[in-house]
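Spelled out from the first residue to the last, the chains are:
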Amino acid sequence: MYAQMVDTGVQRLRSTEELDGDERHFQERIDAGVRIEPEDWMPDSYRKTLVRQISQHAHSEIVGMLPEGNWITRAPSLLRKATLLAKVQDEGGHGLYLYAAAETLGVSRDDLIDALHEGKAKYSSIFNYPTLTWADIGAIGWLVDGAAIINQIPLCRCSYGPYGRAMVRVCKEESFHQRQGYDIMTVLAQGSAAQRRMAQDALNRWWWPAVMMFGPPDTESVHSAQSAAWRIKLHSNDELRQRFIDQTVPQADLLDLKIPDPDLRWNEARQSYDIGAIDWNEFHAVVRGDGPCNKERLAARRDAWDRGAWVRDAAAAHAEKTTIERKTGETR
Ligand code: FAQ
């Protein structure tokens, strides 16, 4: 696996018997299903692991606004425009809950955002692909939000309270997003020959990146063992990937669209689908910064930050004014 940018301090997984004092007590609470709250004692490596994952997740939500935001002005009807606008706003809200959850661990949102803008922080590989046609908006809702739900439902039960609670609302909203995407695909799939081609083309381009979203295979996943012991991760990358495939293939069948994988087969013995080889070189290249849109996405985020400076300044000035007014009782 490529070098990690964040050193969470985890060297190897230790059994509960090897731990002592606070660390042992902490692990016993986790094993008993007790939720960890911000004021509780926690190992520094648990804190760093959560900051790493939650901040990457938050960055993914706000970078994830860009590919779809690109289509708000070109949505084919007022209803589609209003729906897409609401969805993209929801993603911004998810970023907000997640940055707030990360802040409960003692980091500042500004520092996290700086790390994103400086290219030091990761965000999901999936958002480095372009949205070329309207059908891509359908494919993102159907496949990307669909994958996000499968990954995030278990996170509602993760060991860290603020993260798990944030996920409850996020998952409800993601279900709406998934349905709006599937609805777009349904209309296109039942439309003209050109619309059907557009839907199939979007599925062809988004299928494999969505399959890769779940992260590297279990054999290469450096954080899984420790994160599972801490109940941050309740299922492995490959388990969730398989769940996504098994759920999505029948949905493609219903649309009469073809999953772009000649090796896709139902495995009677496993009661699951087998798939062809995943191109992990592509995944690593995208995560390294060499995907089709990495540079464009970061440039757009930096630009939005710079152009939003006046809003942050105005909000800070307003907060200062109202604080002074509250303290002095004078209106300024
Ligand atoms: N892209 O050891 P593991 C959404 C990195 S939200 C980029 O397996 P872990 C909503 C990983 O960070 C989508 N990097 O890591 C939406 C680590 O690097 P590091 C985001 C990836 O953490 C929809 C290294 O590989 N969701 O879609 C990726 O145990 C539509 C080793 O990997 C979340 O963030 C990747 N795909 O498992 C928004 C969910 N996968 O940090 C807008 C929360 C792995 O050592 C529109 N996160 N890496 O430098 C998680 O569940 C986990 O962090 C995983 C990775 C499963 C993503």
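Residues numbered from 1 in each chain as written. Predicted model: local features only at pLDDT ≥ 70, side-chain atom pairs only at ≥ 80, totals over all residues. Heavy atoms only, no water.

Asker: I would appreciate a short explanation of the confidence of the model for the chain in the present structure.
Answerer: Parts of the model with low pLDDT should not have their predicted coordinates read in detail. Of the residues in the chain, 96% have a pLDDT of 70 or more, and the chain-wide mean is 95. Across residues 1-5, confidence stays below pLDDT 50; counting only partners more than four residues off in sequence or on other chains, it has 14 contacts. (pLDDT = per-residue confidence, 0-100. Contact = heavy atoms within 4.5 Å.)

Asker: Would you explain the packing of aromatic side chains in this entry?
Answerer: By convention here, two paired aromatic rings are described through the distance between centres and the angle between planes. Taken as a whole and judged by the stated rule, the model has 10 aromatic pairs. Ring centres of Trp266 and Tyr273 lie 5.0 Å apart, and the angle between their planes is 70°; on these two criteria the pair is classed as edge-to-face. Pairwise contacts between aromatic rings join Phe26, Trp41, Tyr46 and Trp230 into one cluster. Lying across the ring of Trp305, Arg312 places its NZ or CZ 3.5 Å from the centre. (Phe/Tyr/Trp six-rings, centres within 6.5 Å; stacked < 30°, edge-to-face > 60°. Lys NZ or Arg CZ within 6 Å of the ring centre and 35° of its normal.)

Asker: Hey, could you run me through the layout of surface pockets in this one?
Answerer: Picture a little ball the size of a water molecule; that probe, rolled over the atoms, points out where space is still empty. Reported here for the second largest pocket is a volume of approximately 470 Å³. Around the second largest pocket sit 17 residues that line it, and Ile62, Arg109, Ile113, Arg301 and Trp305 are the ones nearest its centre. At the level of elements, helix 4 (78-103), helix 5 (109-117), helix 12 (294-307) and helix 13 (309-328) are the ones that each hand at least two residues to the lining of the second largest pocket. Looking at the lining of the second largest pocket element by element, the count peaks at 6 residues for helix 4. Grouping the constituent residues of the lining of the second largest pocket by class yields 9 nonpolar, 4 polar and 4 charged. (1 Å grid on protein atoms, 1.4 Å probe; cavity = no way out; pocket = protein on both sides within 12 Å on 5 of 7 lines; lining within 4 Å. Points joined across faces, edges and corners; volume = space filled by probe spheres on them. Helix = DSSP H or I, 4+ residues; strand = E, 2+ residues; numbered from the N terminus. Nonpolar A, V, L, I, M, F, W, Y, C, P; charged D, E, K, R; others polar.)

Asker: Looking at this structure, I do not really get the nonpolar core. What am I missing?
Answerer: A general tendency of soluble globular proteins is for nonpolar side chains to be buried together. Counting 78 residues, the largest nonpolar core has Tyr46, Trp207 and Phe244 as its most contacted members. In terms of residue count, helix 6 (residues 134-155) provides more of this core than any other element does, 11 residues in total. Sequence-distant contacts of Phe244, that is, excluding residues within four places in its chain, are made with Leu143, Gly146, Ala147, Ile150, Trp207, Ala210, Val211 and Phe214. (Core = buried A, V, L, I, M, F, W, Y, C linked by side-chain atoms within 4.5 Å. Buried < 20%, exposed > 50% of the residue type's maximum accessible area, 1.4 Å probe, protein only.)

Asker: Help me understand the side chain of Glu37, please; the structure alone is not making it clear to me.
Answerer: Structurally, Glu37 can be placed in the loop between helix 1 (21-31) and helix 2 (44-63). A polar contact of 2.8 Å, which involves the side chain of Glu37, links it to the side chain of Arg165. The contact partners of Glu37, leaving out residues within four places of it in the chain, are Met42, Tyr160, Gly161, Pro162 and Arg165. (Polar contact = N/O pair within 3.5 Å; in protein donor to acceptor, adjacent residues only side chain to side chain.)

Asker: What should I look at first to understand the pattern of salt bridges in this one?
Answerer: For side chains bearing opposite charge, pairing can occur when the charged atoms are close. Across all of its chains, the model carries 19 salt bridges by this definition. Glu68 is paired through a salt bridge with Lys87; the nearest N and O atoms lie 2.9 Å apart. Placement of Glu68 in helix 3 (residues 65-69) and of Lys87 in helix 4 is noted, with a sequence separation of 19 residues between them. Judged on exposure class, the residue Glu68 and its partner Lys87 are both buried. Among the salt bridges present, the one from Asp201 reaches Arg205, with a minimum N-O distance of 3.1 Å. One end of the pair, Asp201, and the other, Arg205, are both in helix 8 (residues 193-212), 4 residues apart, so they sit about a helical turn from each other. Among the charged side chains, a network of salt bridges with common partners joins Glu68, Lys87, Glu91 and Asp145. (Salt bridge = Lys/Arg side-chain N within 4 Å of Asp/Glu carboxyl O.)

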